Amino acid sequence: MSIATFWIYDYICSLHEEWTYLLWSRWTKVKALYITARYVPFLITIMNLHLAVAPNENINERQILMNMIRSFGLISFTCSECFFVLRTYALWNKNRIILLVMLTGLFAAIATSFIIGFTVTVTSYPMDSMVPGCRRNSGSFSFFIPFIICFVFQLVLISLTLVCVIQSWRLAKGPLYAILVKHNIFYYACGLLLSAMNVLAPVLVLPLSDFLSYFLPEAFEVFILAILATCMHLHLWHMVQRTEDSDIIAWLSMSDMPPADRTV
């Protein structure tokens, strides 16, 4: 619930920028990725709330809802990670080898999440327990494999971006912090930290392992990655728009200037 509240708060804070982008940008595949990554968590929130508060007599229905949550989570996760892949691909001047490496890592993360996510079983918890409703039985090591692969994938992304940062820093001889911001390194760092937390949190907090194993994959991973990816894309789009507007204004001001007097 707290993560959903944080996500809604972020949506409200960026409402003006978001609707400016949705109304004025062209309809492209990237825009479709943005809408999917941004609004699929709404559906996940609704289904999570239903699982948390609804009576838990029918385990089969709960299993279906769990599978739906996993499906929507994978869709949102894939769209969010695609933004980081496309950004890194652009930083590497559209190097196809780099793109192949990133897509291979993304496919491995999605495939393991799909296989393991759809093999777990649903466990019913009584309504008077600390966390009422239905939860997944995910106490084995296989539950951590998708998060470990996601961590490795995020590590590859941030490593590739840092290589571009170092190259730009050596050529530009400018402030390192400005180059880091220009390359959106902090979005990548947050994604890497998120993956590390998903691996370590259930291990370090063993008494709450069942509680965390339910909320981290669908709520934490999907919601925060969606926020990071969509905020980065909004920032880049508005930055490009401001650059184009300033270029147009400069061109108009130059066109309004009277011709120079060439008479001697």
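Residues numbered from 1 in each chain as written. Predicted model: local features only at pLDDT ≥ 70, side-chain atom pairs only at ≥ 80, totals over all residues. Heavy atoms only, no water.

### A few points about the overall build of the protein
Step number 1: What the protein contains, in helices and strands, is 9 helices and 2 strands.
Step number 2: Secondary structure elements of the protein occur, N-terminal to C-terminal, as α-α-α-α-α-β-β-α-α-α-α.
Step number 3: By residue count, 42% of the 264 residues in the protein fall in the buried class.
Step number 4: Pairs at least 24 residues apart make up 73% of the contacts formed inside the protein by residues separated by at least 6 positions.
Step number 5: Accessible surface, the protein as shown: approximately 15,000 Å² in total, 73% of it carbon and sulfur. (Helix = DSSP H or I, 4+ residues; strand = E, 2+ residues; numbered from the N terminus. Buried < 20%, exposed > 50% of the residue type's maximum accessible area, 1.4 Å probe, protein only. Contact = heavy atoms within 4.5 Å. Areas by Shrake-Rupley, 256 points an atom, 1.4 Å probe, with all protein chains shown as cover.)

### Quick word on helix 6 (residues 145–172)
Step number 1: Here helix 6 spans 40 Å end to end across 28 residues, near enough to the 40 Å set by a 1.5 Å rise per residue.
Step number 2: Of all the residues in helix 6, the buried ones are Pro146, Phe147, Cys150, Phe153, Gln154, Leu157, Ile158, Leu160, Thr161, Cys164 and Val165.
Step number 3: In the stretch just after helix 6, Lys173 is the one whose phi turns positive, near 55°. (Expected span 1.5 Å × (residues − 1).)

### Points about the layout of surface pockets
Step number 1: A volume near 710 Å³ is recorded for the largest pocket.
Step number 2: As for the largest pocket, its lining consists of 20 residues, and the residues nearest its centre are Thr28, Val30, Leu86, His233 and Trp237.
Step number 3: For the lining of the largest pocket, the elements supplying multiple residues, two or more each, are helix 2 (15–24), helix 3 (29–53), helix 4 (59–91) and helix 9 (209–255).
Step number 4: Of the residues in the lining of the largest pocket, the class split is 12 nonpolar, 4 polar and 4 charged. (1 Å grid on protein atoms, 1.4 Å probe; cavity = no way out; pocket = protein on both sides within 12 Å on 5 of 7 lines; lining within 4 Å. Points joined across faces, edges and corners; volume = space filled by probe spheres on them. Nonpolar A, V, L, I, M, F, W, Y, C, P; charged D, E, K, R; others polar.)

### Some details on the side chain of Ser25
Step number 1: Inspection of the secondary structure puts Ser25 in the loop between helix 2 and helix 3.
Step number 2: On the basis of relative accessibility, which here comes to 11%, the residue Ser25 falls in the buried class.
Step number 3: A polar contact is formed between the side chain of Ser25 and the backbone oxygen of Tyr21, at a distance of 2.4 Å.
Step number 4: Those residues in contact with Ser25 that sit more than four places away from it in its chain are Thr20, Lys31 and Trp237. (Polar contact = N/O pair within 3.5 Å; in protein donor to acceptor, adjacent residues only side chain to side chain.)

### So, the packing of helix 4 against helix 6
Step number 1: Where helix 4 contacts helix 6, the axes come no closer than 9 Å and their chain directions differ by 25°. Classified by the angle between their axes, helix 4 and helix 6 sit roughly parallel to one another. Seen along the crossing, helix 4 lies across helix 6 with a hand that is left-handed. Counting all contacts with helix 4, which are made through Phe77, Glu81, Phe84, Val85, Thr88 and Leu91, the residues of helix 6 involved are Cys150, Phe153, Gln154, Leu157, Leu160, Thr161 and Cys164.
Step number 2: By residue class, the composition of the contact of helix 4 with helix 6 is 9 nonpolar, 3 polar and 1 charged. (Axes fitted to C-alpha atoms, helices over the stretch in contact; angles between N-to-C directions. Parallel < 35°, antiparallel > 145°, perpendicular 65-115°, else oblique. Left-handed = near helix turned anticlockwise from the far one by under 90°.)

### Things to note about the confidence of the model for the protein
One rule of thumb: low pLDDT means the predicted coordinates there are not for detailed reading.
Step number 1: Mean pLDDT for the protein: 75, with 71% of residues reaching 70 or above.
Step number 2: Mean pLDDT values for the elements of the protein range from 47 in strand 1 (residues 121–125) up to 88 in helix 5 (residues 96–117).
Step number 3: Every residue in residues 211–217 is under pLDDT 50, and counting partners more than four places away or in other chains gives 26 contacts. (pLDDT = per-residue confidence, 0-100.)

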